[in-house]
Amino acid sequence: MSRRVRLDRAAVVGALLCLAYLATAGPAHAQPKPVVVIQSGEAATLDWHMHCDKNAHEPDRQIFDTLLRRNIKTLQLEGNLAESWRAVNETTWQFKLKRGVKFHNGEPFDAAAVKFSVERMLNPKQAAPGRTSIATIDHVDIVDTYTVNVITRAPFPLLPVRMSPGHCGTVGIVPPKYLAQVGDAGFAVKPVGTGPYKFVEWVKDERLVLEANKDYHRGAPAIERLVFRPVPELTTRVAALLSGQADLVSDIPPDQTGKIQGSGTAHVEVSTLGGFVIMVKMTNYLMPGPWQDARVRKAINYAIDMDTIIKTVLEGYGQVLGVPLEKEAFGFNPNIKWYGYDPERAKALLREAGYAGGFEMTLHAPNRRYMNDIEVMQAMAQMLGKVGIKAKVEVWEQSIYTTKWRKRELLPAYMTAWGGAGVFDGDLLTSSLHSKSALAIFKNEALDKMLEDAQATSDPERRKAIYFKAQELIYEEAPIIKAYQQAHIFGVSNRLDWKPWVDNMLFLSDAKLK
């Protein structure tokens with residue numbers, strides 16, 4: 001047995017022992033066995049405004065609050081820290097705030113905290129990663145102690161959405177006085193919010209402990225203590241769940257569900273609402289080649305049997321979308337039926353475009369970023385081979401992959417995903433396909449113009465019409481290989497009463513112990 005294998009096994013054993021300790025240890029006033037949430041990695045910071053990191057967002061969602069939230073049953077926005085909101089005019093949104101709410105340190109929540117939070121994210125010197133998502137906001141005016149007006153430079157119909165839970169680019173409310181006392185560095189490791197749980201301690205690479213906020217404005221959580229644990233190794237995460245040392249594990253792969261369901265100690269919860277919209281993007285200008293021809297891009301789509309890939313590779317945990325937009329989203333065009341599986345039509349289009357003999361291309365894939373991502377790309381490559389396209393799959397470690405897509409080096413085609421983040425709006429098309437977006441390798445000026453017009457239009461019917469036309473253009477140009485939406489699979493201990501929320505986001509304030 002090699003020394004590395006011995007060390008790896010020792011690390012697994014050590015992690016499980018530490019989990020066992022955490023499941024029973026803790027101060028006398030804490031519940032005997034806190035709820036343990038296992039994540040795939042460690043957070044770099046707990047400052048909501050300063051990351052786009054899933055491993056940081058999940059504990060942050062327990063610590064911080066937003067002005068609005070989404071009703072899980074209707075998907076409509078509703079009040080949270082704000083009691084009500086309205087558009088005063090095309091460039092002014094007014095929020096009436098809930099009274100009597102306090103931050104965990106006793107600091108009052110009021111209009112000054114809202115103004116500070118929004119303008120902190122907007123400050124270029126702050127360098128908040130999500131700043132571009134709210135950059136249309138100019139400033140915030142305080143009307144009175146519990147009323148604010150958010151002023152935008154242009155119509156910004158998505159502003160209420162940005163004030164509700166999501167990922168990068170949504171505004172969490174932070175305490176201005178406490179931040180002034182501890183500074184950004186202090187706040188990053190010992191955060192204070194108005195949320196259902198208070199920060200207790202953070203031992204890097206070991207545990208992050210939170211305790212219930214008994215004074216939470218929506219009611220005290222039933223679970224007294226949460227422990228977040230970073231465990232990069234999948235098998236260790238599943239082993240901890242099955243041994244009763246963990247209560248909640250996200251991103252379970254399909255091949256582990258049977259083991260969990262039959263364990264007697266845990267079960268699987270599946271969320272299909274929201275979540276990653278996954279696509280393979282193709283360039284039309286950054287690298288010369290057959291893929292610059294729309295007929296070739298259409299042929300590639302006809303060559304892919306995505307229904308079979310989802311049924312086999314993903315074991316049914318997904319659905320074909322075609323266009324990269326959730327079916328529940330505002331502006332989704334149900335009239336468009338994306339290219340079906342038709343290899344003969346694919347061959348005909350290739351002949352028409354002058355590539356009857358096929359060609360070679362590279363498909364770039366991340367290493368285990370999405371559910372069975374490598375296998376999905378390999379299945380696509382195999383199907384393309386049947387119509388004469390020799391596709392090679394190139395797999396990259398995640399950090400290298402991220403760097404390369406930022407530099408637009410994953411050409412001519414690469415797999416990526418755009419999380420809906422609870423937005424449920426056609427604006428996701430802008431994030432994924434506008435030529436100036438961070439992920440873009442495709443350029444079409446007419447599409448750019450449509451998406452920009454939709455962003456700046458406050459009339460819902462006009463916005464919907466623009467998004468419908470944009471999707472028709474996307475269909476004709478075929479800048480992506482059929483988008484699909486993966487389900488999210490959670491492993492949950494049988495002692496925990498918890499159901500998934502929207503878009504793989506964890507909220508534990510409503511969870512209970514059985």
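Conventions we followed
Residues numbered from 1 in each chain as written. Predicted model: local features only at pLDDT ≥ 70, side-chain atom pairs only at ≥ 80, totals over all residues. Heavy atoms only, no water. Helix = DSSP H or I, 4+ residues; strand = E, 2+ residues; numbered from the N terminus. Expected span 1.5 Å × (residues − 1). Buried < 20%, exposed > 50% of the residue type's maximum accessible area, 1.4 Å probe, protein only. Polar contact = N/O pair within 3.5 Å; in protein donor to acceptor, adjacent residues only side chain to side chain. Phe/Tyr/Trp six-rings, centres within 6.5 Å; stacked < 30°, edge-to-face > 60°. Lys NZ or Arg CZ within 6 Å of the ring centre and 35° of its normal. Pairing = 2+ DSSP bridges. Axes fitted to C-alpha atoms, helices over the stretch in contact; angles between N-to-C directions. Contact = heavy atoms within 4.5 Å. Salt bridge = Lys/Arg side-chain N within 4 Å of Asp/Glu carboxyl O. Disulfide = S-S within 2.5 Å. 1 Å grid on protein atoms, 1.4 Å probe; cavity = no way out; pocket = protein on both sides within 12 Å on 5 of 7 lines; lining within 4 Å. Points joined across faces, edges and corners; volume = space filled by probe spheres on them. Nonpolar A, V, L, I, M, F, W, Y, C, P; charged D, E, K, R; others polar. pLDDT = per-residue confidence, 0-100.

## Observations regarding helix 3 (residues 111–122)
Since the α-helix packs 3.6 residues into each turn, any two residues three or four apart lie on the same face. Taking 1.5 Å per residue as the helical rise, helix 3 with its 12 residues ought to reach 16 Å, and the 17 Å between its terminal C-alpha atoms agrees with that figure. Every buried residue of helix 3 is listed here: Ala-111, Ala-113, Val-114, Ser-117, Val-118, Arg-120, Met-121 and Leu-122. Where helix 3 starts, the residue carrying a side-chain oxygen 3.2 Å from the main-chain nitrogen of Ala-112 turns out to be Asp-110.

## Points about the packing of aromatic side chains
Under the defined criterion, the tally for this structure stands at 13 aromatic pairs. Ring centres of Tyr-339 and Tyr-475 lie 4.3 Å apart, and the angle between their planes is 5°; on these two criteria the pair is classed as stacked. Here Tyr-339 is found in the loop between strand 14 (318–322) and helix 10 (343–352), whereas its partner Tyr-475 is found in helix 15 (residues 460–477), with 136 residues between them in sequence. What links up through ring pairs into an aromatic cluster is the set Trp-48, Phe-64, Tyr-178 and Phe-187. Over the aromatic face of Trp-405 sits the side chain of Arg-406, whose NZ or CZ is 5.8 Å from the ring centroid.

## A closer look at the sheet that holds strand 4 (residues 82–89)
The strand order across the open sheet built from 4 strands is 4-5-7-6, with neighbouring strands paired in antiparallel fashion. Two strands lie at the open edges of the sheet, namely strand 4 and strand 6 (137–144), each paired on one side alone. Strand-to-strand, the axes of this sheet are offset by a mean angle of 20°, without reference to chain direction. Along the sheet, helix 3 contacts strand 5 (92–97), strand 6 and strand 7 (147–152); its crossing angle with strand 6, the most-contacted strand, is approximately 170°.

## Concerning the pattern of salt bridges
Side-chain pairs of opposite charge can arise where the charged atoms are in close proximity. Applying the stated criterion to the full structure yields 25 salt bridges. Residue Arg-368 is joined to Asp-373 by a salt bridge in which the shortest nitrogen-to-oxygen separation is 3.8 Å. With a relative accessible area of 0%, Asp-373 lands in the buried category. A single salt-bridge network, built from bridges that share partners, covers Asp-47, Arg-120 and Asp-184.

## With respect to the sheet that holds strand 9 (residues 207–212)
Overall, mixed pairing links the 7 strands, which are arranged 8-9-10-1-11-19-12 in an open sheet. The sheet is open, and its two edges are formed by strand 8 (197–203) and strand 12 (266–271), each paired on a single side. Where strand 9 meets strand 10 (residues 225–230), 4 bridges bridge the pair, whose relative direction is antiparallel. Looking at strand 10, one finds that Leu-208 is bridged to Phe-228.

## Quick word on the state of the cysteines
By the definition in use, this model includes 1 disulfide. What pairs with Cys-52 in a disulfide is Cys-168, and their sulfur atoms sit 1.9 Å apart. Here Cys-52, found in the loop between strand 1 (35–39) and helix 2 (54–63), pairs with Cys-168, found in the loop between helix 4 (159–162) and helix 5 (176–189); they are 116 residues apart in sequence, far enough to count as distant. With relative accessibility at 24%, the residue Cys-168 sits in the partly exposed group.

## Considerations on empty space enclosed by the protein
In the structure shown here, the tally under the stated rule is 2 cavities of 30 Å³ or more. Every residue along the wall of the largest cavity is listed here: Gln-39, Gly-41, Glu-42, Ala-43, Asn-55, Pro-59, Trp-202, Arg-207, Leu-208, Phe-228, Arg-229 and Pro-230. Taken together, the elements giving at least two residues each to the lining of the largest cavity come down to helix 2, strand 9 and strand 10. With 3 residues, strand 10 is the largest single contributor of residues to the lining of the largest cavity. Tallied by class, residues from the lining of the largest cavity come to 6 nonpolar, 3 polar and 3 charged. Approximately 40 Å³ is the volume found for the second largest cavity. Lining of the second largest cavity is provided by Trp-48, His-49, His-51, His-57, Met-121, Gly-130, His-167, Cys-168, Gly-169 and Thr-170. Residues of the lining of the second largest cavity, tallied by class, amount to 3 nonpolar, 7 polar and no charged.

## Some points on unusual backbone geometry
Here Leu-411 and Pro-412 are connected by a cis peptide whose omega angle stands at 5°. Looking at where Pro-412 falls in the secondary structure, it is placed in the loop between helix 12 (398–406) and strand 17 (413–419). For Asp-251, which is not glycine, the phi torsion reads 55° and is therefore positive. As for its position among the elements, Asp-251 is in the loop between strand 11 (248–249) and helix 7 (257–261). A positive phi angle, near 45°, is found at Ala-478, a position not held by glycine.

## Overview of the environment of Ala-391
With respect to the helices, strands and loops of the structure, Ala-391 is situated in strand 16 (residues 389–396). Here Ala-391 is in contact with Met-361, Leu-363, Ala-381 and Leu-384, once residues within four sequence places are set aside.

## Focus on the confidence of the model for the chain
Chain-level statistics for the chain give a pLDDT mean of 91 and a share of 93% at 70 or above. Within the model, the stretch residues 1–14 combines pLDDT values under 50 with 3 contacts to residues more than four positions away or in other chains. Note on residues 20–30: pLDDT under 50 across the span, and 18 contacts to partners over four residues away in sequence or across chains.

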